[in-house]
Amino acid sequence: MNRNILCIGAGYVGGPTMAMIAKKCPDIRVTVVDINESRIAAWQSDQLPIYEPGLDEVVREARGHNLFFSTEIEKGIEENDIIFVSVNTPTKTFGRGAGRAADLQYWEKTARQILKHARSDKIVVEKSTLPVRTAAAMERILLSGQTGVRFDVLSNPEFLAEGTAIADLESPDRVLIGGRETPEGRAAVDVLADIYAHWVPREKILTTNVWSSELSKLTANAFLAQRVSSINSISALCEATEADVGEVARAIGADSRIGARFLNAGVGFGGSCFKKDILNLVYLCESYGLHECAAYWRQVVEMNEFQQERFVERMLRSMFNTIAGKRIALFGFAFKANTGDTRETPALSIARDLIEEQAEVVITDPKALDNARRDLAGCDQRITYEADPMRAAEGAHAIALITDWPEYAALDFEQVYGRMEKPAFVFDGRNYLDHTALFHIGFNVYSVGKAPLTHL
Ligand SMILES: NC(=O)c1ccc[n+]([C@@H]2O[C@H](COP(=O)([O-])OP(=O)(O)OC[C@H]3O[C@@H](n4cnc5c(N)ncnc54)[C@H](O)[C@@H]3O)[C@@H](O)[C@H]2O)c1
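Counting restarts for each chain, with residues numbered from 1 along the sequence as it is written. Whole-chain, interface and lining totals are the exception, using all residues; otherwise, since this is a predicted model, local features are given only for residues with pLDDT of at least 70 and side-chain atom pairs are given and counted only at 80 or more. The side-chain values count all of the structure's non-hydrogen atoms but skip hydrogen atoms and water molecules.

For the rest of this paragraph, the subject is the domain arrangement of the chain. Domain boundaries shown here were taken from an automatic or database domain assignment. Taken domain by domain, the chain holds domain 1 (5–200) and domain 2 (209–456). The distance between the C-alpha centroids of domain 1 and domain 2 comes to 32 Å. By the convention used here, residues are in contact when the closest approach between their heavy atoms is within 4.5 Å. Residue-level contacts link 38 residues of domain 1 with 31 residues of domain 2. Buried area is a sum: the accessible area each of two parts loses on coming together, probed at 1.4 Å, counted once for each and added. Buried surface at the junction of domain 1 and domain 2, summed over both partners, amounts to about 2700 Å²; 57% is from carbon and sulfur atoms.

Rendered as structure tokens:
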């Protein structure tokens with residue numbers, strides 16, 4: 001068996017992951033395919049379809065040597081022996097499990113396509129995040145063929161975080177590979193482990209059974225999101241008392257059992273994964289009759305929604321209970337810094353709530369303006385888009401910082417203040433700016449989980 005790799009799905013995961021494998025394994029030919037022609041064309045160009053620090057260099061190094069992008073999916077299936085599947089697995093919007101279960105239609109289509117076009121034995125690797133036991137379902141589809149081709153299905157969930165994907169791929173905390181506990185299953189796991197071992201220390205390559213691997217990915221995202229919701233719930237209590245959530249986070253984070261990371265209060269988590277994966281976990285719990293477990297995890301999502309509603313409510317209350325006709329500048333639309341990704345961004349629900357209150361919203365973001373325009377299509381009368389944050393602040397009553405882009409902390413806020421309507425407000429949804437400095441300039445400053453600094 002040669003060791004050439006195909007990846008089906010050239011998105012935020014498939015593109016960077018395969019680029020890293022190609023870079024680290026010059027002896028392996030890696031082909032990434034997608035049904036989306038314009039996405040593939042972008043991967044072949046100098047304007048990659050996603051923004052990710054360091055990605056351009058990695059792609060440039062390997063592309064054309066041992067990294068290829070193509071729309072020829074069937075040919076790819078025929079020619080490669082290891083097939084990663086990294087297609088999207090959004091939340092189902094229809095039928096049974098709507099709003100919670102994973103929509104597996106893209107996944108199943110891919111399985112059938114692999115079955116139809118495979119002429120030689122394949123190792124099929126689940127890279128997408130999937131409900132527990134999906135690998136078994138894929139195996140059943142693949143083994144339904146009468147072609148004599150052998151398929152081994154592995155689970156290899158991806159733990160990269162957007163914004164730091166390249167660093168995460170270069171030195172992952174761990175690589176997880178789940179496989180069947182049979183001699184063939186173990187042999188397939190070894191093949192994949194050998195690929196990662198080109199650059200990942202062996203002790204960081206964890207192997208488990210398939211279901212543990214699938215469940216570990218959902219659990220990792222649920223735990224991370226839970227920490228965000230936990231500290232955000234405390235931020236609400238801090239605003240009601242005289243506690244400061246930053247001080248509380250520092251005090252509890254110093255406890256080595258708790259740890260300091262993922263304790264930043266703010267407008268809540270976003271991104272394509274956390275909400276979807278928790279809802280998926282909720283659905284799994286429900287389908288096994290574990291209703292208390294389902295309710296427990298559902299609350300993490302509800303707390304996140306509450307936090308976003310609370311943020312807008314606080315804006316409304318502090319701006320004299322009306323924002324109708326007021327210009328409000330949203331600083332940042334991406335769901336976090338260093339990405340242009342706006343899927344499930346808190347900025348979206350906040351922008352919609354502000355429009356509902358008839359505010360005039362101006363959105364600025366260094367990387368996500370095109371996505372913002374697409375997400376808010378249809379709300380155009382009340383929204384403008386402005387690449388330059390200084391111009392976005394022009395004539396604004398308030399700035400709401402939604403994404404902690406470093407360029408916002410570096411702005412000349414004296415100048416920003418000079419351009420705004422008075423009294424001028426800053427609502428720092430990430431507790432990112434220098435609040436005392438802003439207050440001394442003249443701003444009324446509201447942050448999350450802290451007492452406001454106001455001149456009113
Ligand atoms: N984005 C992240 O940070 C992240 C991190 C870890 C895991 N994941 C998981 O990885 C998976 C992919 O996520 P993503 O963010 O890369 O999604 P994405 O939407 O950016 O990319 C998925 C790609 O798959 C393509 N596709 C869909 N059906 C196809 C088919 N039948 N044949 C060929 N291509 C097809 C789409 O055109 C799209 O380009 C999801 O399951 C997600 O949960 C995502």
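A regular strand places its side chains so that they alternate between the two faces of the sheet. Across the two faces of strand S12 (residues 398–401) the burial is the same, with Ala398 and Ala400 and Ile399 and Leu401 all buried. Pairing of strand S9 (residues 327–331) with S12 involves 4 bridges; the strand directions are parallel. Residue pairing for S12: Ala329 is matched across the bridge by Ile399. For two strands to be treated as a pair, DSSP must find at least two bridges joining them. Note on conventions: DSSP H or I runs of at least 4 residues are helices, E runs of at least 2 residues are strands, and numbering of each starts at the N terminus. Bridging between S12 and strand S13 (residues 425–428) involves 4 bridges; their strand directions are parallel. Note on S13: the bridge partner recorded for Ala400 is Phe427. With a 1.4 Å probe rolled over the protein chains alone, any residue whose accessible area is under 20% of its type maximum counts as buried; one over 50% counts as exposed, and the rest are partly exposed.

With that settled, consider the packing of aromatic side chains. In this scheme Phe, Tyr and Trp rings, the latter by its six-membered ring, pair at centre separations within 6.5 Å, and the angle between planes marks the pair as stacked below 30 degrees, edge-to-face above 60, and tilted otherwise. All chains considered together, the criterion is met by 13 aromatic pairs. Judged by centre distance (5.0 Å) and plane angle (40 degrees), the rings of Phe331 and Tyr408 are tilted. Here Phe331 is found in strand S9, whereas its partner Tyr408 is found in helix H16 (residues 406–409), with 77 residues between them in sequence. Neither Phe331 nor Tyr408 differs from the other in exposure class; each is buried. By definition, being over a ring means that NZ of Lys or CZ of Arg is both within 6 Å of the ring centre and within 35 degrees of the ring normal. One Lys or Arg, Lys367, reaches over the ring of Tyr51 and ends 4.3 Å from the middle of that ring.

If you check the shell around the ligand, you find 26 residues, and the closest are Asp34, Arg39, Thr89, Glu162 and Lys276. A distance of 3.0 Å is found between an oxygen atom of the ligand and a backbone nitrogen or oxygen belonging to Tyr12. Within the contact set of the ligand, an oxygen atom lies 2.6 Å away from a side-chain nitrogen or oxygen of Thr89. For accessible areas, the Shrake-Rupley method is used with a probe of radius 1.4 Å. Any residue's cover is judged against the shown protein chains and nothing else. Here the ligand has 840 Å² of accessible area as a free molecule, and 93% of this is covered by the chains. Looking at the shell around the ligand residue by residue, the classes come out as 9 nonpolar, 10 polar and 7 charged. A domain-level breakdown of the shell around the ligand finds at least three residues from each of domain 1 (5–200) and domain 2 (209–456). Any residue with a non-hydrogen atom lying within 4 Å of a molecule or strand is treated as near it. In the analysis that follows, any N or O atom pair within 3.5 Å is treated as a polar contact, provided that within protein one partner can donate a hydrogen and the other can accept it, and provided that, for residues neighboring in sequence, both atoms belong to side chains. Residues are grouped as follows: Ala, Val, Leu, Ile, Met, Phe, Trp, Tyr, Cys and Pro are nonpolar; Asp, Glu, Lys and Arg are charged; all remaining types, including Gly, are polar.

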